[in-house]
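Commentary on secondary and tertiary structure
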Amino acid sequence: MKSIELDSTDLQLLDALQADASASNQALAEQLRISPPTCLRRVKRLREAGLIERQVALLNPERLAQALGHGLTALVEVTLDRQDAEQLEAFEARVVADESVQQCYRVSPGPDFVLVVGAADMPAYLALTQRLFNSDAHVRNVKTFFSVKRSKFEPRLSVPLTPPAD
């Protein structure tokens, strides 16, 4: 991927899209005080450079729970018996392919991975542990923390509104 130079308009555009990616090109252009064609061209350039990975809808878990029933969110620490690249990559590939794994972080120090997983209920979580942890002879330790309340969830990245000075 080639490097890209960002000016203050690019940074403001990225920040605005994080706040509301459903905003129309016209609305974004007005907000940033640029022309709609310029706005469209800049967004396309940011996508092609890989700065905009994808656009998604963030669901409200409380409202969804009213319709589907409450599920479980768990934060799981996983330690492997060896930390060689092959085992780390194999475990990581297996967990990121699982639909129940919402987030996966390789961390240091401490456990090798921290996962955020979702399950409909405790039997579904048990099936997840069998599938991801118990069937892998290289998993040495698993420590799970169940969320009782989500106080904050913000996928937004901090973007400076002006580029750093050289």
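Higher on the page you've got the structure.
Residues numbered from 1 in each chain as written. Predicted model: local features only at pLDDT ≥ 70, side-chain atom pairs only at ≥ 80, totals over all residues. Heavy atoms only, no water.

Remark: helix H1 (residues 8-19) packs on helix H2 (residues 25-32), axes separated minimally by 11 Å, with the N-to-C direction vectors making an angle of 130°. When the axes of H1 and H2 are compared, the pair comes out oblique. H2 is crossed by H1, and the crossing has right-handed handedness. Facing Thr 9, Gln 12, Leu 13, Ala 16 and Leu 17 of H1, the residues of H2 in contact are Leu 28, Gln 31 and Leu 32. (Axes fitted to C-alpha atoms, helices over the stretch in contact; angles between N-to-C directions. Helix = DSSP H or I, 4+ residues; strand = E, 2+ residues; numbered from the N terminus. Parallel < 35°, antiparallel > 145°, perpendicular 65-115°, else oblique. Left-handed = near helix turned anticlockwise from the far one by under 90°. Contact = heavy atoms within 4.5 Å.)

What follows is about unusual backbone geometry. Both trends apply: most residues other than glycine have a negative phi, and most peptide bonds are in trans. Along the chain, Ser 108 connects to Pro 109 via a cis peptide bond; the corresponding omega equals -5°. By the secondary structure assignment, Pro 109 is in the loop between strand E2 (101-106) and strand E3 (113-119). The residue Arg 33 is not glycine, and still its phi comes out positive at about 60°. For Arg 33, the location among the structural elements is in the loop between H2 and helix H3 (36-48).

Moving on: the side chain of Asp 112. Residue position: Asp 112 is located in the loop between E2 and E3. Ignoring any residue separated from it by four or fewer positions in sequence, one finds Asp 112 in contact with Val 78, Thr 79, Leu 80, Gln 83, Leu 88, Tyr 105, Arg 106 and Val 107.

It is worth spelling out the packing of aromatic side chains at this point. Describing an aromatic ring pair means giving the distance of the ring centres and the angle of the ring planes. On inspection of all chains with the given rule, the structure shows two aromatic pairs. Arranged with centres 4.9 Å apart and planes meeting at 50°, the rings of Phe 91 and Phe 113 form a pair that is tilted. In this pair, Phe 91 is assigned in helix H5 (residues 85-96) and Phe 113 in strand E3, connecting sequence segments 22 residues apart. Residues Phe 91 and Phe 113 agree in their burial class; the two are buried. Ring centres of Tyr 125 and Phe 146 lie 5.2 Å apart, and the angle between their planes is 75°; this geometry places the pair in the edge-to-face category. In this pair, Tyr 125 sits in helix H6 (residues 122-134) while Phe 146 sits in strand E4 (residues 139-146), placing the two residues 21 residues apart along the sequence. With relative accessibility at 7%, the residue Tyr 125 sits in the buried group. The exposure class of Phe 146 is partly exposed, given its relative accessible area of 37%. (Phe/Tyr/Trp six-rings, centres within 6.5 Å; stacked < 30°, edge-to-face > 60°. Buried < 20%, exposed > 50% of the residue type's maximum accessible area, 1.4 Å probe, protein only.)

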